[in-house]
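Coordinates in review
One-letter residues, chain by chain:
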Amino acid sequence: MILPDSLLIKRGVILHSTIFEYIDHGKFFVIIGEDEDNYIGLFFINSNINYFNRKQELFEMQYPLLKRDYEFLDYDSFLCCTEITKLSKKKLTDSFSTKVSEYKGALQQEHLDAVLNLVRKSKLFTDEEKEIYFK
């Protein structure tokens with residue numbers, strides 16, 4: 001599905017894309033915020049938690065997303081809230097016209113609220129990052 005004209009790319013929207021050159025497969029991701037330079041901050045959705053079991057603080061930043069709540073997921077998965085990835089709005093918008101990216105849905109409000117609460121309390125992000133992306 002191409003991004004509907006009526007849909008804004010905003011916090012909580014879930015997209016799927018092959019736009020990330022450093023990842024060799026399509027990724028689901030959630031828009032989490034934007035900064036003054038028109039960049040979008042996002043978190044990736046992963047089907048497994050790999051190396052995070054070594055550090056409790058990183059493990060705790062894996063928010064579970066259940067297949068029963070998100071029909072496009074093949075498995076129960078995790079929203080990795082450990083690092084903000086930045087992506088230009090233009091690059092993302094252009095990727096819809098070339099069908100590299102597609103709209104999949106949106107986080108349920110209770111999940112979005114829980115994720116924002118989680119990241120606002122985390123020591124992984126600076127106060128500046130919190131103000132820009134999570135306010």
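Note: the structure precedes this text.
Below is a summary of the structure that appears in this document. (Residues numbered from 1 in each chain as written. Predicted model: local features only at pLDDT ≥ 70, side-chain atom pairs only at ≥ 80, totals over all residues. Heavy atoms only, no water.)

For the rest of this paragraph, the subject is the overall build of the protein. In terms of regular secondary structure, the protein is built from four helices and seven strands. Over its C-alpha atoms, taken along the principal directions, the protein stretches across nearly 40 × 35 × 30 Å. In the protein, buried positions account for 44% of the 135 residues. When the accessible surface of the protein is summed, it comes to about 8200 Å², and 48% of that surface belongs to carbon and sulfur atoms. Charge-centre separation for the protein: the mean point of 18 positive side chains lies 1 Å from the mean point of 22 negative side chains. (Helix = DSSP H or I, 4+ residues; strand = E, 2+ residues; numbered from the N terminus. Buried < 20%, exposed > 50% of the residue type's maximum accessible area, 1.4 Å probe, protein only. Areas by Shrake-Rupley, 256 points an atom, 1.4 Å probe, with all protein chains shown as cover. Lys, Arg positive; Asp, Glu negative; His and termini not counted. Charge placed at Lys NZ, Arg CZ, Asp CG, Glu CD.)

This brings us to the packing of aromatic side chains. Any aromatic ring pair is given by two values, namely how distant the centres are and how the planes are angled relative to each other. The final tally for this structure, using the stated rule, is eight aromatic pairs. Centroid distance Phe20 to Phe29: 5.3 Å. Interplanar angle 85°. Geometry classified as edge-to-face. Judged by centre distance (5.1 Å) and plane angle (80°), the rings of Phe125 and Phe134 are edge-to-face. Note on accessibility: Phe125 and Phe134 belong to one class, buried. An aromatic cluster of at least three residues, connected via ring pairs, comprises Phe20, Tyr22, Phe29 and Phe44. (Phe/Tyr/Trp six-rings, centres within 6.5 Å; stacked < 30°, edge-to-face > 60°.)

Within the secondary structure, Lys135 is located in the segment after α4 (127-133). Separated by 15 residues in the primary sequence, Lys135 and Arg120 have C-alpha atoms spaced 8.2 Å apart. Setting aside its immediate chain neighbours within four residues, Lys135 contacts Arg11, Arg120 and Lys130. (Contact = heavy atoms within 4.5 Å.)

Moving on, we come to the pattern of salt bridges. Close approach of charged atoms allows side chains of opposite charge to pair. Tallied over the entire structure, the rule returns five salt bridges. A salt bridge links Arg68 to Asp69; the nearest nitrogen and oxygen atoms lie 4.0 Å apart. A relative accessible area of 28% places Asp69 in the partly exposed class. Between Lys104 and Glu102 there is a salt bridge; the shortest N-O distance is 3.2 Å. (Salt bridge = Lys/Arg side-chain N within 4 Å of Asp/Glu carboxyl O.)

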